[in-house]
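Observations on the three-dimensional arrangement
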Amino acid sequence: MSAAANPATVAECLRVGTGFSQGDRNWIAEQFATLDARLASFHADATELEVSVKDREARGQKVTLECWIAGRQKIVTTSAEEDLHAALNDVRDDLRRRLNDAKTRQEPRHNKHLRDIPQPQDELDPTDEQDPERADAETA
């Protein structure tokens, strides 16, 4: 895996949306810090994260984490956990899984299971390198 020249980090790419204040941003970035290793293969200027919450602290709150990476489809993860901390961890873990799945689909050469499948040997063309005895029999 090639490292990006300017690797994306949560601290650099995270925006807080509806339901969160700028004061919550640092706390959320700490919760999402484990995503840094997964985001490092993408360029920071081509990566965006936005987290928002609907009906914060109420029954039925919904946390949404959106991820935009240039050249890829937008990834949206949601959680309806009642505890805000648990909901943030839920969307973070789901995003990590989806990024891993997308990476595997886009770059199968890095998938160990695909590498371990033996490739078939090139079959020889019967007109190439014929057995000399057989060539004599065909001309006779």
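Above: the structure in question.
So, here's what we can say about the structure. (Residues numbered from 1 in each chain as written. Predicted model: local features only at pLDDT ≥ 70, side-chain atom pairs only at ≥ 80, totals over all residues. Heavy atoms only, no water.)

**Focus on the pairing of strand β4 (residues 75–79)**
Of the two faces of β4, only the one carrying Ile75, Thr77 and Ser79 is buried; Val76 and Thr78 on the other face are not. For strand β3 (residues 62–69) and β4, the ladder comprises five bridges, and the chain directions are antiparallel. Note on β4: the bridge partner recorded for Glu66 is Val76. Hairpin connection of β3 to β4: five residues between the antiparallel strands, including Gly71 at a positive phi of 85 degrees. (Buried < 20%, exposed > 50% of the residue type's maximum accessible area, 1.4 Å probe, protein only. Helix = DSSP H or I, 4+ residues; strand = E, 2+ residues; numbered from the N terminus. Pairing = 2+ DSSP bridges.)

**Brief notes about unusual backbone geometry**
With a phi angle near 60 degrees, Asp55 is a residue other than glycine that sits in the positive phi range. Relative to the helices and strands, Asp55 is located in the loop between β2 (47–54) and β3. Look at Asp55 and you get partly exposed, because its relative accessible area is 45%. We note that Glu57 has phi near 65 degrees; this positive angle belongs to a residue other than glycine. One can find Glu57 in the loop between β2 and β3. With relative accessibility at 64%, the residue Glu57 sits in the exposed group.

**Looking at the sheet that holds β4**
The strand order across the open sheet formed by four strands is β1-β2-β3-β4, and the pairing between neighbours is mixed. With one partner strand each, in any of the chains shown, β1 (14–16) and β4 form the two edges of the open sheet. Neighbour-to-neighbour, the strand axes of the sheet open up by a mean angle of 20 degrees, direction not taken into account. Note that β1 and β2 share three bridges and pair parallel. Within β2, the position partnered with Leu14 by the bridge is Leu49. (Axes fitted to C-alpha atoms, helices over the stretch in contact; angles between N-to-C directions.)

**Concerning the pairing of β2**
Note: β2 against β3, eight bridges, orientation antiparallel. Within β3, the position partnered with Ser52 by the bridge is Thr64.

None of this, on its own, says anything about what the molecule does.
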